[in-house]
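Survey of secondary and tertiary structure
Spelled out, the chains give:
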Amino acid sequence: MIFADGVRRSLYHRFFRLHAGPWALAVCLTMTGLAFGQSPSAGPVREIRAGVLAHDVDGLWSGESREEGPDFSMAVIFNRPLFNLLSATAYPSVGGSWNTRGDTSTVYGGVLLQWEPASAFSFSTGIGLALHDGERDTDSADRKSLGSRVLFRIPIEIGYAISRHHRIVLAFDHVSNADLASPNEGMDSLGLVYGYRF
């Protein structure tokens with residue numbers, strides 16, 4: 001049984017690492033294709049994003065860094081307002097990040113709250129769930145112990161609209177199990193993302 005569990009875990013990690021990035025890309029491309037040819041108010045996609053993030057950044061919310069990067073990230077924000085809160089509008093979103101060094105990769109879904117004043121700047125945050133292929137509990141000095149397979153995800157973003165369709169986003173991403181499991185080392189990513197708004 002121990003051997004079978006080890007083989008199963010190895011196959012799972014190999015599959016996830018090979019397919020997390022392509023999965024996110026496939027979702028983005030599929031939703032983009034559905035949105036082409038439609039007006040912004042009618043299309044199912046509000047924005048698609050792609051970027052590069054520094055992986056497991058030291059000295060932020062999660063503290064000490066152990067893993068390496070960078071990560072490639074992709075996301076889709078859907079054109080379906082869910083609710084308004086404190087002058088922000090909540091939109092559903094899905095995405096993923098693929099670690100280029102073979103460390104922890106994720107796929108995620110959640111709600112993104114966007115504040116967009118009249119200026120070109122915007123601010124976003126939200127909450128969601130992330131599924132990862134990293135370690136839940138390890139003694140390895142170069143891997144994080146994340147405690148559970150499913151984590152909470154909190155994004156914090158500052159965006160700048162270059163034009164009606166094109167924007168640049170400074171994106172911060174925190175994942176952890178919120179102390180619902182042990183250990184709970186958590187992980188932070190930080191980088192630049194390009195967004196295309198329909």
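This text gives an overview of the structure that appears in the document.

Basis of the calculations
- Within any chain, residue numbers begin from 1 and follow the written order of that chain's sequence.
- Reporting of local features is limited, given that this is a predicted model, to residues whose pLDDT is at least 70; pairs of side-chain atoms are given and counted only at 80 or more, and all residues count toward the totals for whole chains, interfaces and linings.
- As a rule here, side-chain values cover all heavy atoms of the structure and leave hydrogens and water aside.
- Numbering of helices and strands runs from the N terminus, with a helix taken as a DSSP run of H or I at least four residues long and a strand as a DSSP run of E at least two residues long.
- A 1.4 Å probe rolled over the protein chains alone gives each residue an accessible area, and that area as a share of the maximum for its type sets the label: buried under 20%, exposed over 50%, partly exposed in between.
- Two rings from Phe, Tyr or Trp (for Trp, the six-membered ring) form a pair when their centres are within 6.5 Å of each other. A pair whose planes differ by under 30 degrees is stacked, one over 60 is edge-to-face, and the rest are tilted.
- Salt-bridge detection follows one rule: a side-chain nitrogen of Lys or Arg within 4 Å of a carboxyl oxygen of Asp or Glu.
- Contacts between residues were defined by any pair of non-hydrogen atoms, one from each residue, lying within 4.5 Å.

It is worth spelling out unusual backbone geometry at this point. Gly-69 connects to Pro-70 through a cis peptide bond whose omega is 10°. Tracing the backbone through its elements, the reader meets Pro-70 in the loop between β1 (45-54) and β2 (71-78). A cis geometry characterises the amide bond from Ser-182 onward to Pro-183, with omega recorded as 0°. In this fold, Pro-183 is placed in the loop between β8 (166-176) and β9 (187-197). Even without a glycine there, the phi angle at Asp-56 is positive, about 50°. Within the element layout of this structure, Asp-56 appears in the loop between β1 and β2. The buried category is assigned to Asp-56, whose relative accessible area is 1%. Phi at Ala-178 is positive, roughly 60°, even though this residue is not glycine. Mapped onto the elements of the fold, Ala-178 is located in the loop between β8 and β9. We classify Ala-178 as partly exposed; its relative accessible area is 44%.

Applying the stated criterion across every chain yields a total of 4 aromatic pairs. Plain terms: the ring middles of Phe-72 and Trp-98 are 6.0 Å apart, the flat faces sit at 20° to each other, and that makes the pair stacked. Here the residue Phe-72 occupies a position in strand β2, and Trp-98 occupies one in strand β4 (residues 88-99), the gap between them amounting to 26 residues. For Trp-98, a relative accessible area of 32% translates into the label partly exposed. On the numbers, 5.1 Å between centres and 75° between planes, the contact of Tyr-196 with Phe-198 is edge-to-face. The class of Phe-198 is buried, set by a relative accessible area of 16%.

For the structure shown, the criterion picks out 13 salt bridges. Taking the shortest distance from any N to any O, the salt bridge between Glu-47 and Arg-49 comes out at 2.8 Å. Neither residue differs from the other here; Glu-47 and Arg-49 are each classed as buried. Salt-bridge contacts for Arg-143 lead to Asp-103; the nearest nitrogen and oxygen are separated by 3.7 Å. Taken together, the residues Arg-143 in the loop between β6 (121-132) and β7 (150-161) and Asp-103 in the loop between β4 and β5 (106-115) connect sequence positions 40 residues apart. What makes Arg-143 buried here is its relative accessible area of 11%.

You can see Pro-155 is positioned in strand β7. The exposure class assigned to Pro-155 is buried, which follows from its relative accessible area of 3%. Remark: the alpha-carbon pair of Pro-155 and Gly-110, spanning 45 residues in sequence, is separated by 9.8 Å. Residues contacting Pro-155, with those up to four places away along its chain left out, are Leu-112, Ser-124, Thr-125, Gly-126, Ile-127 and Phe-172.

This paragraph deals with the environment of Tyr-108. Along the chain, the position of Tyr-108 falls in strand β5. For Tyr-108, a relative accessible area of 13% corresponds to the buried category. Sequence separation between Tyr-108 and Gly-95 is 13 residues; the distance between their C-alpha atoms is 5.4 Å. Discounting residues that sit within four places of it in the chain, Tyr-108 has contacts with Met-74, Ala-75, Ser-93, Val-94, Gly-95, Gly-96, Leu-129, Ala-130 and Arg-153.

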